[in-house]
Amino acid sequence: MTCRWKHWAFSGLAALVTTSVYANPEPWQLNMTRGVTATSQDAYHLHMLILWICVAIGVVVFGAMFYSMYKFRKSKGAVAEKWSHNTTAELVWTVIPVLILLAMAFPATRTLVKMADTGNAEITVKITGYQWKWRYEFLGEGVNFVSSLSHQHNEARQLKSGIDPNSVDNYLLDVDRRLVLPTDTKIRFVITADDVIHAWWVPALGWKQDAIPGFINEAWTNIEEAGIYRGQCAELCGKDHGFMPIVVEAVPRAQFNTWLAEQKAAQAPAPIAAPVVVPAAAAAPVSATPAVEGVETAVPVSEEPATAVTEPTNA
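Given the structure is predicted, the values throughout are model-derived calculations rather than measurements.

What counts and how
Residues numbered from 1 in each chain as written. Predicted model: local features only at pLDDT ≥ 70, side-chain atom pairs only at ≥ 80, totals over all residues. Heavy atoms only, no water. Core = buried A, V, L, I, M, F, W, Y, C linked by side-chain atoms within 4.5 Å. Buried < 20%, exposed > 50% of the residue type's maximum accessible area, 1.4 Å probe, protein only. Contact = heavy atoms within 4.5 Å. Helix = DSSP H or I, 4+ residues; strand = E, 2+ residues; numbered from the N terminus. Polar contact = N/O pair within 3.5 Å; in protein donor to acceptor, adjacent residues only side chain to side chain. Pairing = 2+ DSSP bridges. Axes fitted to C-alpha atoms, helices over the stretch in contact; angles between N-to-C directions. Expected span 1.5 Å × (residues − 1). Bend = angle between axes of the 7 residues up to and from the residue. Parallel < 35°, antiparallel > 145°, perpendicular 65-115°, else oblique. Left-handed = near helix turned anticlockwise from the far one by under 90°. Nonpolar A, V, L, I, M, F, W, Y, C, P; charged D, E, K, R; others polar.

## Concerning the nonpolar core
Val125, Tyr136, Phe138, Leu179, Leu181, Phe189 and Trp200 are the most contacted members of the largest nonpolar core, which has 35 residues in total. Excluding anything up to four places from it in sequence, Trp200 contacts Ile127, Trp134, Tyr136, Leu179, Phe189, Leu205, Trp207, Lys208, Gln209, Ile246 and Val248.

Here it is as structure tokens:
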């Protein structure tokens, strides 16, 4: 039993120390992921900064509280003071929290402003949420497609399917068509929905954005590392909300250009056939003469106007 507890403790510590550097969330992960974008790493560092500030505040406040409870306990004959107000103390515990909040607000505001700047993007992708799938459109490129839960995962989730979910890789986090994006490229997203409110969320990208019918929200990313990053709809959107995954595949720009060209060719409309030009001779009308065996009956009719013939009459 002792060895088992040691194993669990070591596994938990390893998860705390090592999995924070992974892009995708991992089992037993106890901290935010650093992600693979500048904004995700900014959010991670901001989170850690504020976490340690909160830890320091907690240590000071609870330390003072427990020290006071122990040092001035009734069993030692301590007698409470009779005063109820102290101007100096009230100023101190008001000014110090305000200064702490201001110190935290500067980096937080800088990060939020940076995350909101979608300008100078090289690619724009429109994301539309449906129950329960996503549509991706590369604006200006003529490429759009729908991405939904993969067939294998959809079968495994059914009751009495006979498929063990533990045997399915990335259970409920795989799709039939991935969103392929280039690395080292600023990509702008315009996000909306067609039916109810959804939320497009890939933790490795460092942000989450609501998809609201009738409204367009913006976000951007610049993926620094190639790989496959998974996410989900993060807004309760109906009975199949839990079966609405997102998979982003980040590839080098050259590979992305090849993929985009293939998608354009596959989705290009079929060329319109050129009209058939019929020769004038072939278009001439045909006289309706009786068919005679061995004799061609298709005789062109002259286009010249008929001339009336008048027979002479006896005077």
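## Observations regarding the side chain of His198
With respect to the helices and strands, the residue His198 is situated in strand β6 (residues 198-202). In terms of polar contacts, His198 uses its side chain to reach the side chain of Asp195, at 2.9 Å. If we ignore the near neighbours within four places in the chain, the residues touching His198 are Gly129, Tyr130, Gln131, Trp134, Ala193, Asp210, Ala211, Cys233, Glu235, Cys237 and Met244.

## Section: the environment of Asn86
For Asn86, the location among the structural elements is in the loop between α2 (38-71) and α3 (87-116). Residue class for Asn86 comes out partly exposed when judged on its relative accessible area of 31%. Within the local environment of Asn86, its side chain forms a polar contact with the backbone nitrogen of Thr88, the two atoms lying 3.1 Å apart. A distance of 3.0 Å separates a polar atom in the side chain of Asn86 from the backbone nitrogen of Ala89.

## Some words on the pairing of β6
Where burial is concerned, most of β6 is hidden: 4 out of the 5 residues are buried. Bridge count between β6 and strand β7 (residues 207-211): 5 bridges; the pairing is antiparallel. For Ala199, the partnering residue across the bridge sits in β7 and is Asp210. Across 2 bridges, the pairing between β6 and strand β9 (residues 227-233) is antiparallel. Its bridge partner lying in β9, Trp200 is registered against Cys233.

## Focus: the sheet that holds strand β8 (residues 217-221)
Taking strand neighbours across the sheet as the criterion, the 5 strands line up as β3-β2-β1-β5-β8 in an open arrangement whose pairing is mixed. Both edges of this open sheet fall to β3 (143-147) and β8, since each of them pairs with a single strand only. If you compare each strand with its neighbour and ignore which way they point, the axes differ by 20° on average. The sheet contact formed by strand β2 (residues 133-138) and β3 spans 5 bridges and is antiparallel. Looking at the pairing, Glu137 lines up with Asn144 of β3. Along the sheet face, helix α5 (residues 253-267) touches β1 (123-130), β2 and β3 and points at about 90° away from the line of β3.

## Quick notes on α3
With 30 residues, α3 ought to run about 44 Å at 1.5 Å a step, and its terminal C-alpha atoms sit 42 Å apart, in line with that. Residue Ala105 marks the point of greatest curvature in α3, where the axis turns by about 25°; the proline Pro107 follows within four residues. All of the buried residues in α3 are Met104, Pro107, Ala108 and Thr111. Measuring from the backbone nitrogen of Thr88 back to the side-chain oxygen at the start of α3 gives 3.1 Å, which picks out Asn86 as the cap.

## As for the packing of α2 against α3
Where α2 contacts α3, the axes come no closer than 10 Å and their chain directions differ by 170°. Judged on the interaxial angle alone, α3 and α2 are roughly antiparallel. When you trace α2 past α3, the crossing you get is left-handed. Seen from α2, the contacting residues are Ala38, Thr39, Asp42, Ala43, Leu46, Leu49, Ile50, Ile53 and Ile57; seen from α3, they are Ile100, Met104, Pro107, Ala108, Thr111, Lys114 and Met115. A per-class count over the contact of α2 with α3 returns 12 nonpolar, 2 polar and 2 charged.

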